[in-house]
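Given next are the chains, with one letter for each unit.
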Amino acid sequence: TLNSNSIHEKYKIPPGGRKINYLLGTDIGTSGTKTILMDTQGKLIAQNLQEYDVLTPKPLWAEQWPEVWEHAALASIKETVKASGINPRDIRGIAISGLYGGSGIPLDELMNPVRPCMIWMDRRADEEASWVLENIGEEKLLEITHNGADPYYGYTKILWMKNHEPENWEKTRMFLPPNDYVIYKMTGEIAIDYSSAGNIGGIFDMNRREWSEEMMEAMGIPLSMMPQKIVDATDVVEGLTEEMAQGLGLWEGIPVIAGGIDCEAANRGLGVFDSGIYAAAIGTSMCAALISDKPVKGKGLIVWPYLYDAKKLSYYFAGGATAGAIVKWFRNTICQFEVEAEKAGGPKAYDVLNAEAEKLPAGSEGLVVLPYFMGERSPVWDSDAKGTILGLSLTHTRAHLYRAFLEAVAYSLRNAMEATGENLGEYILLAGGVTKSKVWRQIFADVTGYPVVCPIYDVEANMGDVMLAGIGTGLLTYEQVKQWQVLDEKIMPNQQNHEKYNEYYAVYQSMYENLKEDMKKLSKI
C-alpha cells in the first residue's frame, strides 16, 4: 500500500493548505447506494441515492446480483459529481463502504459473477452451521476466530454453495465483498479490508488478523478463494481507470480508498475513534456495537476488526436481522393508501404514521411485537424465529400496530445491549434513518433507559467514507475529522415510560422463550 508521500507523488495531490479540496464517500447498502461529496472542511456539498430491492427467491433466502450494486454505485457517484457543480479536478479521493456481503460475490476466472451473492440476511445455511459445530467444535472456532457458527456468517454460506451447487463451486475462483467488487471494477485491483475479512467469520484468525489456513483446510475452502491483499480502511487500493473516469466525470487516477463494512463506517461518521463507546446504526437491520481494545465477554456477539486501528481495536457487535425493514414492510403492506397519496404529492407516509403513533401511550395499549421477520441473528441466533404480534383486540388501530413495530426494534436494541454487558458508556449514539422520527428516538431512550444522542446530518456511513478518503490521501488528519460530526442535544428517557417499558420488555423476552419451539415446528411445516 502507498504511504502519504507516494500518494501525493503518484496522484499529484496538492498540499492540503493550498486550497479547499473535495472528497467522495459512497456506501453500498442493502436497499440502496448513497454517495455524498464534502469539502475538506466537513461541509456537505451534494448527495445522491439509488434504491433497489433484495432478491428473496425462497423464504429466509436473501441475495443480489453484483451488477445491481455496481450500477447503483456508479450512478450515485456520477449524479453527485454532476449535481455538485464542482470542478472534477478538485475532487481528490473516494472511499467505498458496503453492506456485509455474506458469502461474498463468487467470481470465475474472468472475474464474472457465477451466481447472486448471498448477503448477511440470508439464513439458508443451517445445516452447514451445525456441521461446523459437530466437526470442528465451538471452542476451537471461538479460540481462533472469536466468532460462532450460524447461517449469518459468510463462511457457512460458502459451505452451502459448496454442498448444494457443485457446478457453481467448480466455476468459482474467488469470493469478493460488494464494496471490494466495485473497487475492483473501478480500479482493476483486488483487495479486501480487515473488517470485511473478519466479518466472514470462521475462516479469519482474529488473533493474527489474517486468514486461518487451519480452519480453511478443516472446512475444505481453498485459501486461494480469498483475496490475498488485506488492507487498512484508509489504504489507497489503486487509482481510477481511464474508462471509469470518463464514465463518471472524474479524472483518471483519482485515489480509491478501501473503506469497509458499512456499519463500522457509520461509527466512524459518528466520530467514534476510541474504545468504550456504544453506538447503534439502524437501517434495514440493526448494528449495535461496543468498540473496545480489550476482550468483551458478551453472549452471542459478532466480532471483527474495527475500521480504525484494525490491528488493535475490535468491533463487538449485536443486532437484529430486521429493524427498519419491518417498519418499511408495515408501510408498504398495511398503508398502501398513504404510500399512494405520498406518490401523488401528499405528505410522507412515515410522517402520517409517526404523528398517529406519537399520540399513543408507551406499550401501544397492550401490544408486543417480536421483530424476527427474517429469523434472528446476534444475540438470539435462531433461523426459525418468526415475526409475532401479541395482544391484539378490536380496540386496536393501525396506529397502535405501527407504534408497537417501533417499540419492537427498541426492545431488540435493549436485548443487544444487555448481551454485550456493562460499561456501555453514559449514552447511546444512535444513527440511521430512525433518527428522522422524533417519536422513535424517544421510544429508544424510554425503552433502554439511556440518553440518546443523534447526528444532525443523516450521512453517517458516507461521512465515515469521506473521512477515510481524507485520511487515506493525506489531506486530513484524525484530529481534524473528529470535529466534523455535529451531534444533536441528548434525548433523555422519560422515567415513567421506562418503568412501564420494563414490564413490556419482560413480556418481550418471555414471549420468544415460550414460542420458540412452536416457531421451529412452523418452519418444518
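Refer to the structure printed above.
Below is a short write-up of the structure. (Residues numbered from 1 in each chain as written. Predicted model: local features only at pLDDT ≥ 70, side-chain atom pairs only at ≥ 80, totals over all residues. Heavy atoms only, no water.)

**Looking at the overall build of the chain**
Step number 1: The number of helices and strands found in the chain is 19 helices and 22 strands.
Step number 2: Of all 525 residues assigned to the chain, the portion counted as buried reaches 60%.
Step number 3: Summarising the internal contacts of the chain: among those between residues at least 6 apart in sequence, 73% fall at separations of at least 24.
Step number 4: For the chain, the computed accessible surface area is about 21000 Å², with 48% contributed by carbon and sulfur atoms.
Step number 5: Separation between the mean location of the 49 positive side-chain charges and that of the 69 negative ones in the chain comes to 3 Å. (Helix = DSSP H or I, 4+ residues; strand = E, 2+ residues; numbered from the N terminus. Buried < 20%, exposed > 50% of the residue type's maximum accessible area, 1.4 Å probe, protein only. Contact = heavy atoms within 4.5 Å. Areas by Shrake-Rupley, 256 points an atom, 1.4 Å probe, with all protein chains shown as cover. Lys, Arg positive; Asp, Glu negative; His and termini not counted. Charge placed at Lys NZ, Arg CZ, Asp CG, Glu CD.)

**Concerning helix α5 (residues 154–164)**
Step number 1: The element α5 is largely enclosed, with a buried count of eight among its 11 residues.
Step number 2: Every buried residue of α5 is accounted for by Gly154, Tyr155, Thr156, Lys157, Ile158, Leu159, Trp160 and Met161.

**Overview of the pattern of salt bridges**
Step number 1: Inspection of the entire model under this criterion finds 20 salt bridges.
Step number 2: Measuring nitrogen to oxygen at the nearest pair gives 3.5 Å for the salt bridge that ties arginine 115 to glutamate 63. Of this pair, arginine 115 sits in the loop between β6 (105–107) and β7 (117–118) while glutamate 63 sits in strand β4 (residues 63–64), placing them 52 residues apart in sequence.
Step number 3: Lysine 343 is paired through a salt bridge with glutamate 340; the nearest N and O atoms lie 3.7 Å apart. With lysine 343 and glutamate 340 both in helix α13 (residues 336–343), this residue pair falls three residues apart, about one helical turn.
Step number 4: Three or more residues joined by partner-sharing salt bridges are found here, namely Glu63, Arg115, Asp122, Arg124 and Glu165. (Salt bridge = Lys/Arg side-chain N within 4 Å of Asp/Glu carboxyl O.)

**Considering the sheet that holds strand β18 (residues 314–318)**
By definition, the strands of a sheet pair up through backbone hydrogen bonds, in either a parallel or an antiparallel sense.
Step number 1: The mixed open sheet is built from six strands, whose spatial order is β17-β18-β16-β15-β21-β22. The sheet is open, and its two borders are formed by β17 (302–305) and β22 (452–453), each paired with just one other strand.
Step number 2: Two elements, strand β16 (residues 286–292) and β18, share five bridges in a ladder whose sense is antiparallel. Note that in β18 the partner of serine 292 across the bridge is serine 314. (Pairing = 2+ DSSP bridges.)

**Some thoughts on unusual backbone geometry**
Step number 1: Residue proline 379 follows serine 378 across a cis peptide bond; omega there is 0 degrees.
Step number 2: Mapping proline 379 onto the fold places it in the loop between β19 (368–370) and β20 (388–390).
Step number 3: In this model, methionine 111 sits at a positive phi of 65 degrees, which is unusual for a non-glycine residue.
Step number 4: With respect to the element layout, methionine 111 can be found in the loop between β6 and β7.
Step number 5: The backbone phi angle of glutamate 365 is positive, close to 55 degrees, even though this residue is not glycine.
Step number 6: Tracing the sequence through the fold places glutamate 365 in the loop between α14 (349–358) and β19.

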